[in-house]
Structure formats: C-alpha cells, structure tokens
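# Report on the structure
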Amino acid sequence: MSKIGAPLALLAEVTHRCPLRCPYCSNPVELERASAELDTAAWQRVLTEAKALGVLQVHFSGGEPLARRDLVALVAHANCIGLYSNLITSGVLLDKARLDALVAAGLEHVQLSFQDAEPGSADRIAGLADAALVREAGLPLTMNAVVHRQNLERLGDMIELALAIGAQRLEVAHVQYYGWALANRRALLPTFAQLEAATATVEASRQRLAGVLTIDYVVPDYYARRPKACMGGWARRFLNISPAGKVLPCHAAESLPGFDFPSVHEMSLEEAWYRSEAFNRYRGTEWMPEPCHSCERREIDWGGCRCQAFALTGDAGRTDPACALSPDRDLLTAARADAEAPPSDFIYRQIGGMPARAAVE
C-alpha cells in the first residue's frame, strides 16, 4: 500500500435532526436521535484532533446543523484552532441574529440548499431571504441545487436563481442513491433524455456565465461508463464523523454491513485514520478484484464507490457497476429501468427509520 496521506477535510454531521423530510436525503435510513449526539466538549475535542491530524477544512452539516444550539461554540472553536469552517444548511432555521453570531465566531463560507426554483414556493422565498443575509454578512455563498426527474425541467430557473441570490458558485448535484434516496430511486432517477438535456443546459450556462458564476456538476453514476473516484478514493483525503461519533470514510459508509467503524468515544482520530481495519480495508489497490486490479485507471477512480457497489450487488468489495467493464454492469442497466417506469410515491425522511410498508416493498 502506498503511503497514507493526511485527510484534508472533515464532514462534521453534528445532528440528524432536520425540520425538512427530503426524500433524496443521503443520511442513513436509521437516523440518530438527539440523545445519542456528541456533546459540545466531545465535538470540540474531535475538531482539535482533526486539526492535529492535518485537516484544513471543517464542513458543518447534518441533518440541519442549525438545529444544534451550540453551533456557534463549535464554529468558534474551529476558528480558534485554525480550521476553515463552512456551513451546509437549508437555511430554514437561519435568521440574522444567528448568522451574525456565527460570523462573529469565525464562520467563513455558507452553502445554501434549494429544493426547487418554483416561483412562490416556501423553499424559494425562504432561500432568497437567507441568501440576502449571507451577502449582507460578506460571506462567500454557494448554492446547492439537488436535481432529479421531478425538478430537472426547471434547471435553467435554478441557474437564474443562483445569479439572483448573488452566489459565487452553484453546485448542480444529481441525487446520489444512498440512504433515503436509494429507497426513492424510482421516484427520483431521471431518464437518459432528461440527463442529456440537463447536461446541455449546464454546458451552455457555463459558457454564458464564465467569470460570473462557477457551476459544478455532479452527474448520476447510473449513466456513467467509468466510475468516479468517490471522495477521492476510500479513506484517502476525507473523513466523516456521524452525530453519535462514528468515524467514517464517507457519509454513506455507515450503511455497509460487516464493518466495525471506530468511535471517537473509544479511539483517537489519528488511530482511526491510520490504523483501523475499516479505513484500511479498501485503501490502495491490493484489495481490488479484476478488472480493477489490472486496469490502468485503478489509481484514478480507485475502484469507484464501495457503497454503490454494495447497494447494487450486495458486496462492497465488487467492482462498482458504474464501470462499463464491471461483470455486474447488467444490474446497473436493470436499475435504470426505474427511470422509465411511472414515479413511485415519495418515502419521506423521518426519525425512526423506514415506514413498515415501504420497507416491505
């Protein structure tokens, strides 16, 4: 195995609590309750250990991170020890007093998520007000737009909305099928024609808005010929801490069976990163099956996504079916049939897990 480098970024999922019930949420189906969350002192210790490990950025996320009453204290601690802090939020719980306190504590960037761009929708109106607060505070603003088969026709409107709110960057992210989103795949997966139209819209907008708005574009792996290097490769540059303190190589890894992921209650971040079996299992290339092991792209895509391999094949060690060379490619082809079927009803995110009827179906 090649030398293990230090992680560059930490996703701090400080809570799974959220006032929204998004059916495309990538949180695990079994959400952590507030009683299981790390307390303020534990999160501050985690941030200190992350800085010592080499982390440069902390992204406060959830759930909705603003549901944490101590978020200002956590941002202040991150600032005190020299971590760049970013808030990923729906903005539903944001107001001027809260934002002013976060800015005073050292918050340096905000990512504001929109569910759609329909005129008159509560989400759009609230988002416009939140964006105005962020601009007035002088913080850089990124707009997150999660897109799927039921809102892709309004992608152009979303791009115009990003301009209207004064965002410097727009992330157009197709739903990634983990957690609640996987349960809702039939309601969310776009057709290939929709994907082509969306890609054309993004490319035209990138040319038109060059120098004005940076547009990042994350496409669904279900239509790819080669897998992406998920999170830059398993446990290579990124780590995630769950609300209850599990140390994970990505936000979806908790769904994988057969892993004993370390906990910050029992192990330091340094030990978890460098020496835990869970983090080392899929590092490098030695673990790879064929055709990955002899592929010239093995140190480019690192075998693709382990969580996606498990979701589609039942085995996290298989070649990601997003690769056209995967022996399980037919599973991905079959899954794309969801896009051609009538959309199913949404299964909405909720504490307590999947409704019994949905779990059976």
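Before reading on, note that the structure itself is shown above.
Residues numbered from 1 in each chain as written. Predicted model: local features only at pLDDT ≥ 70, side-chain atom pairs only at ≥ 80, totals over all residues. Heavy atoms only, no water.

## Observations regarding helix α2 (residues 71-80)
- When α2 is considered as a whole, its buried residues turn out to be Leu71, Leu74, Val75, His77 and Ala78. Taken down its axis, α2 places every buried residue within 160 degrees of arc, on the same side.
- Considering only its buried residues, α2 is in contact with α1 (40-53), β2 (57-61), β3 (84-89) and α3 (96-105).
- Gly82, located one to two residues past α2, shows a positive phi value of around 90 degrees. (Buried < 20%, exposed > 50% of the residue type's maximum accessible area, 1.4 Å probe, protein only. Helix = DSSP H or I, 4+ residues; strand = E, 2+ residues; numbered from the N terminus. Arc of directions from axis to C-beta. Contact = heavy atoms within 4.5 Å.)

## Focus on the pattern of salt bridges
- For the coordinates displayed, the defined rule picks out 16 salt bridges.
- Between Asp116 and Arg154 there is a salt bridge whose closest N-O contact spans 2.7 Å. Placement of Asp116 in the loop between β4 (109-114) and α4 (122-137) and of Arg154 in the loop between β5 (141-147) and α5 (155-164) is noted, with a sequence separation of 38 residues between them. Like Asp116, the residue Arg154 is buried in the burial classification.
- When salt bridges that share partners are traced, they join Arg17, Glu37, Arg68 and Asp70 into one network. (Salt bridge = Lys/Arg side-chain N within 4 Å of Asp/Glu carboxyl O.)

## Focus on the packing of aromatic side chains
- Taken as a whole and judged by the stated rule, the model has nine aromatic pairs.
- Seen in terms of ring centroids, Phe192 and Tyr223 are 5.8 Å apart; in terms of plane orientation they differ by 45 degrees. Their pairing is tilted. With Phe192 in helix α8 (residues 192-208) and Tyr223 in the loop between β7 (214-218) and β8 (238-241), this residue pair connects regions lying 31 residues apart in the sequence.
- Given the relative accessible area of 42%, Phe192 is considered partly exposed. (Phe/Tyr/Trp six-rings, centres within 6.5 Å; stacked < 30°, edge-to-face > 60°.)

## Quick word on the layout of surface pockets
- Roughly 1500 Å³ of volume is contained in the largest pocket.
- As for the largest pocket, its lining consists of 46 residues, of which Ser26, Ile88, Gln111, Asn144 and Glu171 are closest to the centre.
- Counting only elements with at least two residues in the lining of the largest pocket, the list comes to β1 (9-13), β2, β3, β4, β5, β6 (169-174) and β7.
- The residue makeup of the lining of the largest pocket, split by class, is 19 nonpolar, 19 polar and eight charged. (1 Å grid on protein atoms, 1.4 Å probe; cavity = no way out; pocket = protein on both sides within 12 Å on 5 of 7 lines; lining within 4 Å. Points joined across faces, edges and corners; volume = space filled by probe spheres on them. Nonpolar A, V, L, I, M, F, W, Y, C, P; charged D, E, K, R; others polar.)

## Description of unusual backbone geometry
- In this structure, the amide linkage connecting Gly62 to the following residue, Gly63, adopts the cis form with an omega of 15 degrees.
- Of note, the amide linkage connecting Glu290 to Pro291 takes the cis form, showing an omega dihedral of 10 degrees.
- Structurally, Pro291 can be placed in the loop between α10 (277-280) and α11 (306-313).
- Although it is not a glycine, Met231 sits at a positive phi angle of roughly 55 degrees.

## Here we look at the environment of Glu271
- As for its position among the elements, Glu271 is in helix α9 (residues 269-275).
- Residue Glu271 is classed as partly exposed on the basis of its relative accessible area, which comes to 34%.
- Each C-alpha atom of the pair Glu271 and Arg226 lies 33 Å from the other, and the pair is 45 residues apart in sequence.

## Here we look at the sheet that holds β2
- Reading across from one edge, β7-β6-β5-β4-β3-β2-β1-β8-β9 is the order of the nine strands in this open sheet, with mixed pairing throughout. In this open sheet, the two edge strands, each paired with only one partner strand, are β7 and β9 (247-248).
- In terms of strand pairing, β3 meets β4 through four bridges, oriented parallel. The residue of β4 that forms the bridge with Asn86 is His109.
- Contacts from α1 reach β1, β2 and β8, with the element oriented near 170 degrees to β1.
- Running at roughly 175 degrees to β2, α2 makes contact with β2 and β3 of the sheet. (Pairing = 2+ DSSP bridges. Axes fitted to C-alpha atoms, helices over the stretch in contact; angles between N-to-C directions.)

## Side note on the packing of α1 against α2
- Here α1 crosses α2 at 25 degrees, and the two axes come no closer than 10 Å. Taken as axis vectors, α1 and α2 run roughly parallel relative to one another. Where α1 crosses over α2, the two elements pack in a sense that is right-handed. Along the contact surface, α1 presents Thr40, Trp43, Gln44, Leu47 and Thr48, while α2 presents Ala73, Leu74, His77 and Ala78.
- Of the residues contributing to the contact of α1 with α2, the split by class is five nonpolar, four polar and no charged. (Parallel < 35°, antiparallel > 145°, perpendicular 65-115°, else oblique. Left-handed = near helix turned anticlockwise from the far one by under 90°.)

## Structural notes on empty space enclosed by the protein
- Under the definition given, this model contains two cavities of 30 Å³ or more.
- What lines the largest cavity is a set of 13 residues, and nearest its centre among them are Cys292, Cys295, Asp301, Thr319 and Cys323.
- For the lining of the largest cavity, the per-class residue count stands at six nonpolar, three polar and four charged.
- If you add up the space inside the second largest cavity, you get close to 70 Å³.
- Cys230, Met231, Trp234, Pro249, Cys250, Gly304, Cys305, Arg306 and Cys307 together form the lining of the second largest cavity.
- Taken together, the residues of the lining of the second largest cavity sort by class into seven nonpolar, one polar and one charged.

Note that every value here comes from positions in space, so none of it alone points to a role or purpose.
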